[in-house]
Amino acid sequence: MTIFVTGGAGFIGSNFIFYMLKKYQSYKIVCIDKLTYAGNLSTLEPVMNYSNFRFVKLDICDRKGVYELFEEEQPDIVVNFAAESHVDRSIKNPEIFLQTNIIGTAILMDACRKYGNIRYHQVSTDEVYGDLPLDRTDLFFTENTPIHTSSPYSSSKASADLLVLAYYKTYGLPVTISRCSNNYGPYHFPEKLIPLMIVNALNNKLLPVYGEGINVRDWLYVEDHCKAIDLIIHSGIIGEVYNIGGHNEMKNIDIVKIICKELGKPESLITFVEDRRGHDMRYAIDPTKIYTELGWLPETTFAEGIRKTIQWYLDNQEWWEDIISGEYQNYYKKMYGNLEEV
Ligand SMILES: NC(=O)c1ccc[n+]([C@@H]2O[C@H](COP(=O)([O-])OP(=O)(O)OC[C@H]3O[C@@H](n4cnc5c(N)ncnc54)[C@H](O)[C@@H]3O)[C@@H](O)[C@H]2O)c1
C-alpha cells in the first residue's frame, strides 16, 4: 500500500505521517510538499531515513511533476492536506489560495483519474459552513448544512469540496471528504492562535486577541483528527462527507487565559486588537455521522490536549525559534544542497 500525503511538512499532515508510519509499518508514505512558508522539512527529520518514507519537494499545481510522480510511485490512496491555510493571509492575498486550494486539488484528482481511478481523500474544514450565532448553542453543522463561506480561505476550500464531489459524480472517482474543526497540538505553526499565544507568552510578549475574544471555535487534538482520517480512508463510504469535531467549543479569550494559567503568566499580557474582517462568530460540529458509521470519537480531552501541547512547545523550543528567526526555511538547502525538485 502506497499513500501519497500532500502538505505533509505542515501541521496536520506531519502528524498524520507520524501516526500512519507508526501504525502501518508495511505501508509506504510519500510526502509531497512545496515547502511554502508553512512547510517545515525539519519537522519530518525523525522519519526522513525510514525506508518506507519518501519526501518529494513538489507543488501540487505542477501538473507535469505530479503526473510523473504518480507514474513512478503508483499510489493506492491520495490524502490531500496541501493548502494555503491561514485566513488572515487569504484576506490580504486571495490568489494563491485559489491556485493551491482549488487548482491543486483538481490536478491531484486528474492524476488519480489518469493513473487508475485512485482513491482520493480531501481534507477540508468546518469553515465551509460559515458561522453560527453565538446565542444559538443548540445549532451545529451537520454534513447537510449548506455551504456558506466567509473568507477567501473558506471559499477556496468550499470550491475544492464541490470539485471533489463533481469528480465523484461525473467521473466516478472514489473520493471522500472530511470537514474538521480547529486542530491544535505539536508542530502547529506559530501564526495560529494556540501556538502563537504559547510562544508569545513564553517570550513575555503581548498576546493579541481579535475583537473581544468572544468568537467560539470547536477544538480537536490533532491526533484525533489523524485517527478519523485513517478510519475514513480505510472504511469510509465513497462519495460521502464526514464532519469531524470534538464537541469542545471554547471562546478564544478563554483559551488564552488557560494558556496564561498553565504557563504561570499574567493575563495582563492579553491585548485586544482590531477584529479580523468577516470574522466568523461560532463554529460547532455535529460529529454524529462519523461516530455512528465509523465508530470515531475524540479520545483526548481539551484539558489533557492543551497540557500536552504546551509541554511540547516547552520541550521543542528550537523548532519554533527556528521558525521565528526564519532559519527553518534554510533547512532544505542545508540538508539537500541544490538538489532539484522533481
Ligand atoms: N489547522 C486546522 O485547524 C485545520 C482544521 C480543519 C481543516 N484543516 C485543513 O487541513 C489541511 C492542513 O492544514 P494545516 O493546518 O496542517 O496547514 P499548514 O499550513 O500547517 O500546512 C500546509 C502544508 O501544505 C504545503 N503546501 C502549501 N501549498 C502547497 C502546494 N501548492 N503544493 C504542495 N504543498 C503545498 C505547505 O508547505 C505546508 O507544509 C488544510 O487543507 C486545511 O484546510 C486545517
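Residues numbered from 1 in each chain as written. Predicted model: local features only at pLDDT ≥ 70, side-chain atom pairs only at ≥ 80, totals over all residues. Heavy atoms only, no water.

Undergrad: I'd like to hear about the packing of aromatic side chains, residue by residue, with values.
TA: As enumerated under the stated definition, the model contains 20 aromatic pairs in all. Taking 6.1 Å as the distance between ring centres and 70 degrees as the angle between the ring planes, the aromatic pair formed by Y67 and Y115 counts as edge-to-face. Highlighted residues: Y67 in helix α2 (residues 63-73) and Y115 in the loop between α4 (95-114) and β5 (119-125), separated in sequence by 48 residues. Looking at Y67, the relative accessible area reads 17%, which means it is buried. Aromatic rings pair up to connect F18, Y187, W312, Y313 and W319 into one cluster. R89 extends its terminal NZ or CZ atom over the ring of Y37, reaching a point 3.5 Å from the ring centre. Above the ring of F140, the side-chain terminus of R282 is found at 5.5 Å from the ring centroid. (Phe/Tyr/Trp six-rings, centres within 6.5 Å; stacked < 30°, edge-to-face > 60°. Helix = DSSP H or I, 4+ residues; strand = E, 2+ residues; numbered from the N terminus. Buried < 20%, exposed > 50% of the residue type's maximum accessible area, 1.4 Å probe, protein only. Lys NZ or Arg CZ within 6 Å of the ring centre and 35° of its normal.)

Undergrad: Give a description of the nonpolar core that names residues and reports values.
TA: The biggest cluster of nonpolar side chains holds 63 residues, and the ones touching the most others in it are L44 and F53. The residues contacting F53, other than those within four sequence positions of it, are I17, L21, I29, C31, L44, V47 and M48. By size, the runner-up hydrophobic cluster in this structure holds 34 residues, among which are V30, L69, L173 and A284. (Core = buried A, V, L, I, M, F, W, Y, C linked by side-chain atoms within 4.5 Å. Contact = heavy atoms within 4.5 Å.)

Undergrad: Describe the site of the ligand, and please don't skip the residues or the numbers.
TA: Around the ligand, the surrounding shell holds 28 residues, and the nearest of these are I12, D33, S85, Y153 and K157. Here an oxygen atom of the ligand and a backbone polar atom of G10 are 2.9 Å apart. A distance of 2.6 Å separates an oxygen atom of the ligand from a polar atom in the side chain of Y153. In the complex, the protein chains occlude 97% of the 840 Å² of accessible area that the ligand would expose alone. When contributions to the shell around the ligand are tallied by element, the ones reaching two or more residues are α1 (11-23), β5, α5 (152-171) and β7 (182-184). Here the element with the most residues in the shell around the ligand is β5; it accounts for three residues. For the shell around the ligand, the class distribution of residues is 13 nonpolar, eleven polar and four charged. (Near = heavy atom within 4 Å. Polar contact = N/O pair within 3.5 Å; in protein donor to acceptor, adjacent residues only side chain to side chain. Areas by Shrake-Rupley, 256 points an atom, 1.4 Å probe, with all protein chains shown as cover. Nonpolar A, V, L, I, M, F, W, Y, C, P; charged D, E, K, R; others polar.)

Undergrad: Break down the sheet that holds strand β11 (residues 249-251) for me, with residues and values.
TA: Spatially, three strands are ordered β7-β9-β11 in an open sheet, and the strand pairing comes out mixed. Two strands close off the open sheet at either side, each with one partner strand: β7 and β11. Along the sheet, successive strands turn relative to each other by an average axial angle of 50 degrees, direction set aside. Sheet topology note: the β7/strand β9 (residues 216-221) ladder contains three bridges and is parallel. Paired with N183 across the bridge in β9 is L220. The strands touched by helix α7 (residues 222-235) are β7 and β9; relative to β9, the strand with the most contacts, the crossing angle is about 70 degrees. (Pairing = 2+ DSSP bridges. Axes fitted to C-alpha atoms, helices over the stretch in contact; angles between N-to-C directions.)

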